[in-house]
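Read off the chains here:
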Amino acid sequence: GAVRGRCIDPFAPQPVKESLDVESNEFLKNKKDDEAKKTALASYTLSQQALKNALPLYSADTIELAEKSYSNAERAYAERFSPDKFAAAGRSLEEARIAAETGNFRKSIDEAYLAHSMAEQALAESLRNSALLENDLRSLKTRMSALKQNRFAGDAAEDIKQGEENLNTAESSLKEQDFKT
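The text that follows walks through the structure, step by step, so that each part is easy to find. None of the values given here were measured: they were computed from a predicted structure.

## Re the overall build of the chain
Then, in step 1: Assigned secondary structure in the chain consists of seven helices and two strands.
Then, in step 2: For the chain, the sequential pattern of α-helices and β-strands runs β-β-α-α-α-α-α-α-α.
Then, in step 3: Accessible surface computed for the chain: about 11500 Å², of which carbon and sulfur atoms make up 50%.

Spelled out as structure tokens, the structure:
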């Protein structure tokens, strides 16, 4: 089974439906139209039930995927480096959640996939901007080094120490692609 091209079989395997489809085809080959119709209707009913059972699970999984992508984009400070795509991802994620809560699982799935896609694009844009952050960080380290050499550095030792700690935190965050910290 599929929902707009996406496989739902992991959520609702359908061996019974498939066997009924085969049985229905056998009835057709043997010109037993009434039996073929009955098994085809039974197959249809089972597939509709499988779809009904699978859609909430599939919706929850796609929302979880979108939430992870959104979180990654947020860590990369996408609201600054890719504000339009990040905002679109947030809106779609919220729409997906609302649709799932109201039982509109097909819409929820579509919105969650859109949120995932937009968040991934926002993340990619943010990562492209990491070079700018690296340059800024190098510049700040150079200034900090010069500041430490200044003859008045002793008067600002506490501030210099805090500045170095902040630069180290920034450098670590940059390596972890956590630009928001």
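## Thoughts on the pattern of salt bridges
Then, in step 1: Counted according to the given criterion, the structure contains five salt bridges.
Then, in step 2: In this structure, Lys-68 and Glu-64 form a salt bridge, with 3.4 Å as the shortest nitrogen-oxygen distance. Here Lys-68 and its partner Glu-64 are both found in helix 2 (residues 33-75), four residues apart, which amounts to about one turn of the helix.
Then, in step 3: Glu-95 is paired through a salt bridge with Lys-107; the nearest N and O atoms lie 3.4 Å apart. Here Glu-95 is found in helix 4 (residues 83-101), whereas its partner Lys-107 is found in helix 5 (residues 105-128), with 12 residues between them in sequence.

## Observations regarding the nonpolar core
Then, in step 1: Membership of the largest hydrophobic core is limited to 10 residues, which are Ala-73, Ala-76, Ala-78, Phe-86, Ala-88, Ala-89, Met-118, Ala-119, Ala-122 and Leu-123.
Then, in step 2: Of all the secondary-structure elements, those providing two or more residues to this core are helix 4 and helix 5.
Then, in step 3: Once you skip the residues sitting within four places of it in the chain, Ala-119 turns out to touch Ser-69, Tyr-70, Ala-73 and Ala-89.

## A closer look at the side chain of Thr-62
Then, in step 1: Counting through the fold element by element, Thr-62 comes out in helix 2.
Then, in step 2: At a separation of 2.9 Å, a polar atom in the side chain of Thr-62 contacts the main-chain carbonyl oxygen of Ser-59.
Then, in step 3: Beyond its immediate chain neighbours, meaning those up to four positions away, Thr-62 contacts Ile-109, Ala-112 and Tyr-113.

## Some words on unusual backbone geometry
Then, in step 1: Residue Tyr-77 is not a glycine yet carries a positive backbone phi of 60 degrees.
Then, in step 2: By the element assignment, Tyr-77 lies in the loop between helix 2 and helix 3 (78-81).

## Focus on the packing of aromatic side chains
Then, in step 1: Applying the stated criterion across every chain yields a total of three aromatic pairs.
Then, in step 2: Ring centres 4.5 Å apart and planes at 15 degrees place the aromatic pair Tyr-70 and Phe-86 in the stacked group. One end of the pair, Tyr-70, is in helix 2; the other, Phe-86, is in helix 4, and 16 residues separate them in sequence.
Then, in step 3: For Phe-86, a relative accessible area of 7% puts it in the buried group.

## Brief notes about helix 4
Then, in step 1: With 19 residues, helix 4 should reach 27 Å at 1.5 Å per residue; the first-to-last C-alpha distance of 27 Å fits that figure.
Then, in step 2: Of all the positions in helix 4, only Phe-86, Ala-88, Ala-89, Ser-92, Leu-93, Ala-96, Ala-99 and Ala-100 are classed as buried. Summarising the axial view, the buried residues of helix 4 lie within an arc of 160 degrees, below the 170-degree limit, and thus occupy one face. Seen from the open side of helix 4, the exposed residues pointing more than 90 degrees away from its buried face are Asp-84, Arg-91 and Glu-101.
Then, in step 3: Directly after helix 4, the chain includes Gly-103, whose backbone phi takes a positive value near 85 degrees.

## Section: the environment of Asp-110
Then, in step 1: The residue Asp-110 is located in helix 5 in this model.
Then, in step 2: Considering only alpha carbons, one finds Asp-110 and Thr-62, 48 residues apart in sequence, at a separation of 8.7 Å.

What counts and how
- Residues numbered from 1 in each chain as written.
- Predicted model: local features only at pLDDT ≥ 70, side-chain atom pairs only at ≥ 80, totals over all residues.
- Heavy atoms only, no water.
- Helix = DSSP H or I, 4+ residues; strand = E, 2+ residues; numbered from the N terminus.
- Areas by Shrake-Rupley, 256 points an atom, 1.4 Å probe, with all protein chains shown as cover.
- Salt bridge = Lys/Arg side-chain N within 4 Å of Asp/Glu carboxyl O.
- Core = buried A, V, L, I, M, F, W, Y, C linked by side-chain atoms within 4.5 Å.
- Buried < 20%, exposed > 50% of the residue type's maximum accessible area, 1.4 Å probe, protein only.
- Contact = heavy atoms within 4.5 Å.
- Polar contact = N/O pair within 3.5 Å; in protein donor to acceptor, adjacent residues only side chain to side chain.
- Phe/Tyr/Trp six-rings, centres within 6.5 Å; stacked < 30°, edge-to-face > 60°.
- Expected span 1.5 Å × (residues − 1).
- Arc of directions from axis to C-beta.

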